[in-house]
Amino acid sequence: MENRLFAGAAKTCITPGPEYFPIEHFKNHMTGKPSIFSGKIHEDVYARCIILQSGETRLVWVVLDMPGVPEADEVRRLIADTANVPESQVFYTCTHNHSMIYADNPIFEKWYGEPFASKVHRYRAYLRQILPVLVKEAEASMKPAKVGIERGECYLNVNRNEKELGPKAGTYGFRVGGPTDRDLYLIRFDDEEGNPIAMMYNFAVHACMMIHNNPEGLGTEISGDFVGGACRIIEKSYGEKVVCMFTSGCAGDLNPIMMSRVNIVEPDGSITTKDLGAAGNTILEFMSNRLARDVVTLNRKLEAKNATARLWAGVRTFSIKSTEIDMPGPERPVTIRIGLMRIGDAAIIITNGEIFNQIGRRLKDCSPLKKTMMISHAGAWLGYIRDDSGNGVYELGAKKALGELLDEMSAGL
(Lines give C-alpha, C1' and ligand atoms only; values in the text may rest on other atoms or scores of the structure.)
Protein backbone atom coordinates (compact mmCIF):
# COMPACT_ATOMS: atom_id res chain seq x y z
CA MET A 1 0.00 0.00 0.00
CA GLU A 2 1.48 3.37 -1.05
CA ASN A 3 2.51 5.56 1.90
CA ARG A 4 1.57 2.85 4.40
CA LEU A 5 2.10 4.26 7.89
CA PHE A 6 4.23 2.46 10.49
CA ALA A 7 4.70 3.48 14.13
CA GLY A 8 6.73 2.34 17.10
CA ALA A 9 7.32 3.71 20.60
CA ALA A 10 9.39 3.16 23.72
CA LYS A 11 10.14 4.84 27.02
CA THR A 12 12.92 4.56 29.59
CA CYS A 13 13.34 5.81 33.15
CA ILE A 14 15.87 8.64 33.48
CA THR A 15 15.52 9.30 37.22
CA PRO A 16 18.97 10.34 38.51
CA GLY A 17 20.65 7.96 40.94
CA PRO A 18 21.80 8.91 44.46
CA GLU A 19 25.25 9.89 43.18
CA TYR A 20 23.77 13.09 41.69
CA PHE A 21 22.43 14.43 44.99
CA PRO A 22 22.39 16.85 46.62
CA ILE A 23 22.42 19.19 43.64
CA GLU A 24 21.43 22.81 43.33
CA HIS A 25 18.26 23.77 41.55
CA PHE A 26 17.08 26.72 39.48
CA LYS A 27 17.28 30.02 41.38
CA ASN A 28 14.37 30.86 43.63
CA HIS A 29 13.09 34.17 42.25
CA MET A 30 12.00 35.39 45.67
CA THR A 31 15.20 34.66 47.63
CA GLY A 32 17.72 34.93 44.81
CA LYS A 33 19.27 31.69 46.05
CA PRO A 34 19.15 28.23 44.49
CA SER A 35 16.91 25.53 45.87
CA ILE A 36 18.32 22.06 46.52
CA PHE A 37 17.31 18.66 45.17
CA SER A 38 18.03 16.32 48.07
CA GLY A 39 17.34 13.15 46.07
CA LYS A 40 13.82 12.50 47.34
CA ILE A 41 11.92 10.93 44.41
CA HIS A 42 8.20 11.67 44.39
CA GLU A 43 7.78 9.92 41.03
CA ASP A 44 10.16 8.65 38.37
CA VAL A 45 10.89 10.69 35.26
CA TYR A 46 11.19 9.33 31.72
CA ALA A 47 12.45 9.78 28.20
CA ARG A 48 9.92 8.79 25.55
CA CYS A 49 10.34 8.13 21.84
CA ILE A 50 7.86 7.73 18.97
CA ILE A 51 9.02 6.81 15.45
CA LEU A 52 6.82 7.12 12.37
CA GLN A 53 7.48 5.99 8.82
CA SER A 54 5.58 6.40 5.56
CA GLY A 55 7.27 5.53 2.29
CA GLU A 56 10.88 6.72 2.50
CA THR A 57 10.21 9.33 5.20
CA ARG A 58 10.80 8.63 8.87
CA LEU A 59 10.07 11.03 11.76
CA VAL A 60 11.63 10.58 15.20
CA TRP A 61 10.24 12.26 18.31
CA VAL A 62 12.14 12.22 21.61
CA VAL A 63 10.85 14.00 24.72
CA LEU A 64 12.50 14.20 28.16
CA ASP A 65 10.81 14.91 31.51
CA MET A 66 13.35 17.69 32.06
CA PRO A 67 13.48 21.52 32.18
CA GLY A 68 15.42 21.69 28.90
CA VAL A 69 17.24 19.42 26.47
CA PRO A 70 20.93 18.92 27.30
CA GLU A 71 23.37 19.30 24.40
CA ALA A 72 20.53 19.99 21.99
CA ASP A 73 22.47 20.04 18.72
CA GLU A 74 24.85 17.20 19.59
CA VAL A 75 22.14 14.85 20.86
CA ARG A 76 19.80 15.64 17.96
CA ARG A 77 22.61 14.56 15.61
CA LEU A 78 23.12 11.43 17.71
CA ILE A 79 19.41 10.58 17.48
CA ALA A 80 19.38 11.25 13.73
CA ASP A 81 22.44 9.04 13.17
CA THR A 82 20.92 6.27 15.28
CA ALA A 83 17.66 6.34 13.31
CA ASN A 84 19.45 6.94 9.98
CA VAL A 85 17.47 10.09 9.17
CA PRO A 86 18.32 13.75 8.48
CA GLU A 87 18.24 16.04 11.53
CA SER A 88 15.24 17.86 10.03
CA GLN A 89 13.21 14.70 10.68
CA VAL A 90 13.96 14.67 14.42
CA PHE A 91 12.42 16.71 17.18
CA TYR A 92 14.27 16.46 20.47
CA THR A 93 12.50 18.38 23.18
CA CYS A 94 11.43 18.38 26.82
CA THR A 95 8.33 18.86 28.93
CA HIS A 96 10.01 21.89 30.59
CA ASN A 97 9.59 20.07 33.90
CA HIS A 98 10.94 22.22 36.74
CA SER A 99 11.04 19.27 39.15
CA MET A 100 14.10 17.69 37.54
CA ILE A 101 17.77 18.66 37.45
CA TYR A 102 18.82 21.43 35.06
CA ALA A 103 21.38 20.08 32.62
CA ASP A 104 20.71 22.31 29.61
CA ASN A 105 21.68 25.81 30.71
CA PRO A 106 25.43 26.66 30.64
CA ILE A 107 24.83 29.80 32.71
CA PHE A 108 23.95 27.61 35.70
CA GLU A 109 27.39 26.05 35.60
CA LYS A 110 28.89 29.52 36.03
CA TRP A 111 26.45 30.38 38.80
CA TYR A 112 26.83 27.19 40.81
CA GLY A 113 30.33 25.99 39.88
CA GLU A 114 31.53 22.66 41.22
CA PRO A 115 30.30 20.07 42.07
CA PHE A 116 27.15 21.10 40.15
CA ALA A 117 28.99 21.22 36.81
CA SER A 118 30.63 17.81 37.18
CA LYS A 119 27.32 16.16 38.11
CA VAL A 120 25.58 17.76 35.14
CA HIS A 121 28.34 16.65 32.77
CA ARG A 122 28.05 13.10 34.09
CA TYR A 123 24.28 13.13 33.61
CA ARG A 124 24.63 14.40 30.04
CA ALA A 125 27.02 11.53 29.31
CA TYR A 126 24.45 9.12 30.77
CA LEU A 127 21.76 10.50 28.41
CA ARG A 128 24.06 10.12 25.41
CA GLN A 129 24.39 6.43 26.30
CA ILE A 130 20.72 5.60 26.86
CA LEU A 131 18.93 7.71 24.22
CA PRO A 132 20.30 5.72 21.24
CA VAL A 133 19.11 2.55 23.01
CA LEU A 134 15.67 4.12 23.46
CA VAL A 135 15.51 5.02 19.76
CA LYS A 136 16.49 1.48 18.76
CA GLU A 137 13.79 0.03 21.03
CA ALA A 138 11.16 2.23 19.40
CA GLU A 139 12.47 1.28 15.96
CA ALA A 140 12.30 -2.44 16.78
CA SER A 141 8.66 -2.11 17.85
CA MET A 142 7.45 -0.53 14.61
CA LYS A 143 4.36 -2.04 13.01
CA PRO A 144 1.64 -1.03 10.54
CA ALA A 145 -0.40 1.72 12.12
CA LYS A 146 -3.31 4.10 11.75
CA VAL A 147 -3.30 7.69 12.98
CA GLY A 148 -5.97 10.03 14.30
CA ILE A 149 -5.61 13.67 15.30
CA GLU A 150 -8.10 15.66 17.36
CA ARG A 151 -8.22 19.21 18.72
CA GLY A 152 -10.02 20.19 21.91
CA GLU A 153 -9.66 22.71 24.71
CA CYS A 154 -8.15 22.63 28.18
CA TYR A 155 -8.65 25.19 30.96
CA LEU A 156 -5.77 24.23 33.27
CA ASN A 157 -3.54 27.16 32.31
CA VAL A 158 -3.59 30.85 33.23
CA ASN A 159 -1.57 33.89 32.20
CA ARG A 160 1.02 34.43 34.91
CA ASN A 161 2.10 38.03 34.25
CA GLU A 162 0.34 39.99 37.00
CA LYS A 163 2.05 43.16 35.86
CA GLU A 164 0.08 45.35 38.25
CA LEU A 165 1.79 43.56 41.14
CA GLY A 166 5.29 44.29 39.89
CA PRO A 167 8.05 42.15 38.35
CA LYS A 168 8.23 39.61 41.19
CA ALA A 169 4.70 38.44 40.43
CA GLY A 170 5.68 37.06 37.04
CA THR A 171 6.70 33.60 38.17
CA TYR A 172 3.75 32.63 40.37
CA GLY A 173 1.21 35.10 38.99
CA PHE A 174 -2.47 34.59 38.25
CA ARG A 175 -3.63 37.08 35.63
CA VAL A 176 -7.14 35.79 35.02
CA GLY A 177 -7.96 38.25 32.22
CA GLY A 178 -4.68 37.76 30.42
CA PRO A 179 -4.43 36.04 27.02
CA THR A 180 -4.14 32.25 26.99
CA ASP A 181 -3.99 29.44 24.45
CA ARG A 182 -6.55 26.75 25.28
CA ASP A 183 -5.68 24.39 22.41
CA LEU A 184 -5.30 20.76 23.46
CA TYR A 185 -4.14 18.51 20.63
CA LEU A 186 -3.95 14.75 20.69
CA ILE A 187 -2.33 12.44 18.12
CA ARG A 188 -2.86 8.68 18.56
CA PHE A 189 -1.36 5.77 16.68
CA ASP A 190 -3.17 2.42 16.68
CA ASP A 191 -2.15 -0.95 15.31
CA GLU A 192 -4.20 -2.74 12.64
CA GLU A 193 -6.44 -4.30 15.30
CA GLY A 194 -7.24 -0.88 16.78
CA ASN A 195 -5.01 -1.20 19.84
CA PRO A 196 -3.20 2.05 20.76
CA ILE A 197 0.57 2.04 20.28
CA ALA A 198 1.35 5.59 21.36
CA MET A 199 -0.12 9.04 21.78
CA MET A 200 1.25 12.56 21.97
CA TYR A 201 -0.68 15.43 23.49
CA ASN A 202 0.23 19.10 23.17
CA PHE A 203 -0.82 21.92 25.48
CA ALA A 204 0.60 25.36 26.30
CA VAL A 205 1.45 25.31 30.01
CA HIS A 206 4.56 25.60 32.18
CA ALA A 207 5.32 22.32 33.94
CA CYS A 208 6.24 24.30 37.03
CA MET A 209 3.43 23.37 39.39
CA MET A 210 5.88 21.98 41.95
CA ILE A 211 8.73 24.48 41.49
CA HIS A 212 10.79 24.79 44.71
CA ASN A 213 8.09 22.92 46.68
CA ASN A 214 9.74 21.51 49.80
CA PRO A 215 7.10 19.53 51.70
CA GLU A 216 9.51 17.75 54.07
CA GLY A 217 12.13 20.45 54.50
CA LEU A 218 14.64 18.30 52.59
CA GLY A 219 14.56 20.10 49.24
CA THR A 220 12.60 19.98 46.00
CA GLU A 221 11.33 16.51 45.13
CA ILE A 222 11.97 14.90 41.75
CA SER A 223 8.81 14.33 39.71
CA GLY A 224 7.42 14.77 36.22
CA ASP A 225 5.20 17.59 37.53
CA PHE A 226 1.53 17.36 36.55
CA VAL A 227 2.14 16.90 32.80
CA GLY A 228 4.34 13.87 33.49
CA GLY A 229 1.85 12.68 36.10
CA ALA A 230 -0.92 12.73 33.48
CA CYS A 231 1.26 10.67 31.12
CA ARG A 232 1.82 8.04 33.78
CA ILE A 233 -1.89 7.88 34.70
CA ILE A 234 -2.78 7.27 31.04
CA GLU A 235 0.01 4.72 30.53
CA LYS A 236 -1.08 2.80 33.64
CA SER A 237 -4.69 2.79 32.40
CA TYR A 238 -3.45 0.89 29.32
CA GLY A 239 -1.45 -1.59 31.38
CA GLU A 240 1.87 0.03 30.37
CA LYS A 241 1.28 -1.05 26.74
CA VAL A 242 1.05 2.52 25.43
CA VAL A 243 3.60 5.33 25.42
CA CYS A 244 1.99 8.68 26.27
CA MET A 245 4.11 11.74 25.43
CA PHE A 246 3.54 15.38 26.41
CA THR A 247 4.87 18.31 24.38
CA SER A 248 4.74 21.91 25.52
CA GLY A 249 3.09 24.56 23.41
CA CYS A 250 4.07 28.23 23.67
CA ALA A 251 3.76 28.70 27.41
CA GLY A 252 6.37 31.33 28.24
CA ASP A 253 3.68 33.34 30.05
CA LEU A 254 1.31 30.52 31.04
CA ASN A 255 1.26 28.74 34.40
CA PRO A 256 -0.83 25.86 35.72
CA ILE A 257 -4.05 27.21 37.18
CA MET A 258 -3.10 25.66 40.56
CA MET A 259 0.43 25.65 41.97
CA SER A 260 2.27 24.57 45.09
CA ARG A 261 3.50 28.16 45.55
CA VAL A 262 1.20 31.18 45.63
CA ASN A 263 1.53 34.97 45.76
CA ILE A 264 -0.03 36.63 48.79
CA VAL A 265 -0.59 40.38 48.39
CA GLU A 266 -0.05 41.99 51.79
CA PRO A 267 -2.03 45.06 52.99
CA ASP A 268 0.91 47.32 52.20
CA GLY A 269 1.01 46.02 48.61
CA SER A 270 4.12 43.89 49.05
CA ILE A 271 4.13 40.31 47.81
CA THR A 272 4.89 37.22 49.87
CA THR A 273 5.31 33.94 48.04
CA LYS A 274 4.22 31.01 50.19
CA ASP A 275 5.11 27.36 49.77
CA LEU A 276 2.08 25.15 50.42
CA GLY A 277 4.29 22.34 51.71
CA ALA A 278 2.61 18.95 52.00
CA ALA A 279 -0.51 20.35 50.35
CA GLY A 280 1.53 20.72 47.16
CA ASN A 281 1.56 16.96 46.62
CA THR A 282 -2.23 16.83 46.93
CA ILE A 283 -2.52 19.60 44.33
CA LEU A 284 -0.10 17.68 42.11
CA GLU A 285 -2.28 14.57 42.32
CA PHE A 286 -5.41 16.59 41.53
CA MET A 287 -3.89 18.44 38.58
CA SER A 288 -2.33 15.28 37.12
CA ASN A 289 -5.69 13.52 37.26
CA ARG A 290 -7.56 16.52 35.87
CA LEU A 291 -5.19 16.86 32.91
CA ALA A 292 -5.35 13.11 32.28
CA ARG A 293 -9.17 13.35 32.26
CA ASP A 294 -9.08 16.10 29.63
CA VAL A 295 -6.76 14.03 27.43
CA VAL A 296 -8.90 10.91 27.89
CA THR A 297 -12.07 12.87 27.04
CA LEU A 298 -10.44 14.05 23.81
CA ASN A 299 -9.18 10.53 23.16
CA ARG A 300 -12.75 9.19 23.19
CA LYS A 301 -13.62 11.52 20.31
CA LEU A 302 -10.58 10.55 18.26
CA GLU A 303 -10.72 7.96 15.50
CA ALA A 304 -7.38 6.52 14.35
CA LYS A 305 -8.34 5.41 10.85
CA ASN A 306 -5.77 6.95 8.47
CA ALA A 307 -3.34 4.19 7.49
CA THR A 308 -1.68 6.08 4.63
CA ALA A 309 -0.73 9.42 6.16
CA ARG A 310 2.05 11.15 4.25
CA LEU A 311 4.94 12.53 6.26
CA TRP A 312 7.12 15.55 5.60
CA ALA A 313 9.70 17.58 7.57
CA GLY A 314 11.91 20.61 7.04
CA VAL A 315 13.99 23.11 9.06
CA ARG A 316 15.09 26.73 8.80
CA THR A 317 17.46 28.64 11.08
CA PHE A 318 18.18 32.33 11.54
CA SER A 319 20.36 34.33 13.90
CA ILE A 320 19.45 37.24 16.18
CA LYS A 321 21.22 39.14 18.94
CA SER A 322 20.77 37.80 22.46
CA THR A 323 19.81 41.29 23.67
CA GLU A 324 16.89 41.35 21.22
CA ILE A 325 15.17 38.53 23.11
CA ASP A 326 16.19 39.46 26.66
CA MET A 327 18.75 36.67 27.16
CA PRO A 328 21.02 37.23 30.17
CA GLY A 329 24.77 37.65 29.71
CA PRO A 330 26.82 39.60 27.17
CA GLU A 331 25.44 40.39 23.74
CA ARG A 332 26.05 37.51 21.34
CA PRO A 333 24.42 35.92 18.29
CA VAL A 334 21.97 33.11 19.03
CA THR A 335 20.42 30.63 16.62
CA ILE A 336 16.67 30.21 16.28
CA ARG A 337 15.65 26.85 14.84
CA ILE A 338 12.19 26.59 13.24
CA GLY A 339 11.03 23.14 12.16
CA LEU A 340 7.86 21.97 10.45
CA MET A 341 6.48 18.45 10.28
CA ARG A 342 3.36 17.24 8.50
CA ILE A 343 1.40 14.12 9.36
CA GLY A 344 -1.47 13.68 6.95
CA ASP A 345 -3.74 16.72 7.37
CA ALA A 346 -1.99 18.05 10.50
CA ALA A 347 1.14 20.16 11.01
CA ILE A 348 3.59 20.59 13.88
CA ILE A 349 5.67 23.77 14.19
CA ILE A 350 8.82 23.25 16.27
CA THR A 351 11.04 25.89 17.90
CA ASN A 352 13.53 26.49 20.67
CA GLY A 353 12.86 29.10 23.35
CA GLU A 354 10.11 29.92 25.84
CA ILE A 355 7.62 31.64 23.58
CA PHE A 356 4.80 33.85 24.89
CA ASN A 357 1.45 32.33 23.95
CA GLN A 358 0.15 35.08 21.65
CA ILE A 359 3.19 34.63 19.42
CA GLY A 360 2.52 30.90 19.22
CA ARG A 361 -1.14 31.44 18.37
CA ARG A 362 -0.27 33.76 15.49
CA LEU A 363 2.35 31.36 14.14
CA LYS A 364 -0.18 28.53 14.19
CA ASP A 365 -2.60 30.76 12.30
CA CYS A 366 -0.02 31.07 9.50
CA SER A 367 -0.55 27.42 8.62
CA PRO A 368 -3.21 26.55 6.02
CA LEU A 369 -3.90 23.32 7.92
CA LYS A 370 -6.67 23.64 10.52
CA LYS A 371 -4.94 21.15 12.79
CA THR A 372 -1.64 22.88 13.55
CA MET A 373 0.12 22.61 16.89
CA MET A 374 3.35 24.17 18.11
CA ILE A 375 6.15 22.65 20.20
CA SER A 376 8.63 24.81 22.10
CA HIS A 377 11.88 24.01 23.98
CA ALA A 378 13.09 21.95 21.00
CA GLY A 379 16.67 23.11 20.87
CA ALA A 380 19.36 25.09 22.62
CA TRP A 381 18.34 27.23 25.60
CA LEU A 382 17.20 30.76 24.71
CA GLY A 383 15.21 32.01 27.67
CA TYR A 384 11.96 33.92 27.22
CA ILE A 385 10.67 35.35 23.95
CA ARG A 386 8.58 38.11 25.52
CA ASP A 387 7.82 40.55 22.68
CA ASP A 388 4.29 39.56 21.71
CA SER A 389 3.49 42.88 20.00
CA GLY A 390 3.38 41.19 16.60
CA ASN A 391 6.54 42.97 15.49
CA GLY A 392 9.13 41.26 17.68
CA VAL A 393 12.37 40.18 16.02
CA TYR A 394 11.74 36.51 16.88
CA GLU A 395 8.18 36.52 15.55
CA LEU A 396 9.07 38.25 12.29
CA GLY A 397 11.98 35.87 11.69
CA ALA A 398 9.88 32.83 12.62
CA LYS A 399 7.06 33.88 10.27
CA LYS A 400 9.52 34.25 7.40
CA ALA A 401 11.10 30.86 8.12
CA LEU A 402 7.68 29.23 8.50
CA GLY A 403 6.47 30.73 5.21
CA GLU A 404 9.47 29.24 3.41
CA LEU A 405 8.83 25.86 5.02
CA LEU A 406 5.15 25.90 4.11
CA ASP A 407 6.05 26.63 0.48
CA GLU A 408 8.62 23.83 0.54
CA MET A 409 6.10 21.43 2.09
CA SER A 410 3.51 22.22 -0.57
CA ALA A 411 6.05 21.61 -3.31
CA GLY A 412 7.27 18.40 -1.66
CA LEU A 413 3.80 16.90 -1.37
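Predicted, not measured: the structure shown is a model, and the values here were computed from it.

Rules used throughout
Residues numbered from 1 in each chain as written. Predicted model: local features only at pLDDT ≥ 70, side-chain atom pairs only at ≥ 80, totals over all residues. Heavy atoms only, no water. Patch = residues over 30% accessible without salt bridge, like charges linked within 9 Å, V, L, I, M, F, W, Y side chains within 5 Å. Areas by Shrake-Rupley, 256 points an atom, 1.4 Å probe, with all protein chains shown as cover. Salt bridge = Lys/Arg side-chain N within 4 Å of Asp/Glu carboxyl O. Helix = DSSP H or I, 4+ residues; strand = E, 2+ residues; numbered from the N terminus. Pairing = 2+ DSSP bridges. Axes fitted to C-alpha atoms, helices over the stretch in contact; angles between N-to-C directions. Contact = heavy atoms within 4.5 Å. Polar contact = N/O pair within 3.5 Å; in protein donor to acceptor, adjacent residues only side chain to side chain. Buried < 20%, exposed > 50% of the residue type's maximum accessible area, 1.4 Å probe, protein only.

Undergrad: Please clarify how a nonpolar patch on the surface should be interpreted in this entry.
TA: A grouping of Phe174, Val176, Ile257, Met258 and Phe286 is seen on the molecular surface, where their side chains present a nonpolar patch of about 440 Å² in accessible area. Along the polypeptide, isoleucine 257 turns up in the loop between strand S13 (254-256) and strand S14 (261-265).

Undergrad: Explain the sheet that holds strand S9 (residues 183-191) to me, please; I cannot follow it from the model alone.
TA: Backbone-to-backbone hydrogen bonds pair the strands of a sheet. The strands run either parallel or antiparallel. Pairing is mixed across the open sheet formed by eight strands, whose spatial order is S6-S5-S4-S1-S7-S9-S10-S12. The open sheet has two edge strands, strand S6 (90-94) and strand S12 (243-248), and neither has a second partner. Taken over all neighbouring pairs, the strand axes of this sheet differ in orientation by 20° on average, direction set aside. Strand contacts of helix H1 (residues 72-83): strand S5 (57-64) and S6, with the helix running at about 135° to S6, the strand carrying the most contacts.

Undergrad: Got a minute to help me understand the environment of arginine 76 in this structure?
TA: Looking at the secondary structure, you find arginine 76 in helix H1. Along the chain, arginine 76 and alanine 378 lie 302 residues apart, while their C-alpha atoms are 9.7 Å from each other. The residues touching arginine 76, leaving out its near neighbours within four places in the chain, are Glu71, Glu87, Val90, Tyr92, Arg337, Ala378 and Gly379. For arginine 76, the side chain forms a polar contact with the side chain of aspartate 73, separated by 3.2 Å.

Undergrad: What exactly am I supposed to notice about the pattern of salt bridges here?
TA: A side chain of one charge can pair with a side chain of the opposite charge when the charged atoms of the two come close. Taken as a whole, this structure holds 25 salt bridges when the rule is applied. The partner of lysine 364 in a salt bridge is aspartate 181, and the shortest N-O contact between them spans 2.7 Å. Here aspartate 181 lies in the loop between strand S8 (157-159) and S9 and lysine 364 lies in helix H6 (residues 357-365), a separation of 183 residues in the sequence. A relative accessible area of 10% means that lysine 364 is categorised as buried. A salt bridge links glutamate 240 to arginine 232, with the nearest nitrogen and oxygen atoms 3.2 Å apart. Note on glutamate 240: relative accessible area 38%, which makes it partly exposed. Three or more residues joined by partner-sharing salt bridges are found here, namely Lys11, Arg48, Asp65, Arg232, Glu235 and Glu240.

Undergrad: Sorry if this is basic, but what is going on with the sheet that holds strand S17 (residues 333-343) here?
TA: Across the sheet, which stays open at both edges, the four strands sit in the order S16-S17-S18-S20 with mixed pairing between neighbours. Taken across any chain shown, the strands that pair with only one partner, and hence form the sheet edges, are strand S16 (311-321) and strand S20 (371-375). Recorded for the sheet is a direction-independent mean angle of 15° between the axes of neighbouring strands. In terms of strand pairing, strand S18 (residues 346-351) meets S20 through five bridges, oriented parallel. Paired with alanine 347 across the strands is threonine 372, a residue of S20. Against the sheet, helix H7 (residues 393-412) makes contact with S16, S17, S18 and S20, and its axis sits at roughly 155° relative to S16, the strand it touches most.

Undergrad: Even after reading the chapter, I still don't get the pairing of S5, so can you show me in this structure?
TA: Looking along a regular strand, one sees the side chains alternate between the two faces of the sheet. Of all the eight residues making up S5, seven are buried; the element is thus mostly covered by neighbouring parts of the structure. Sheet topology note: the strand S4 (residues 46-54)/S5 ladder contains eight bridges and is antiparallel. Each bridged residue has a counterpart across the sheet, and for isoleucine 51 the counterpart in S5 is valine 60. The hairpin turn running from S4 into S5, its antiparallel successor, is two residues long, and glycine 55 in that turn takes a positive phi close to 60°. In terms of strand pairing, S5 meets S6 through five bridges, oriented parallel. Along S6, the bridge assignment pairs valine 63 with threonine 93.

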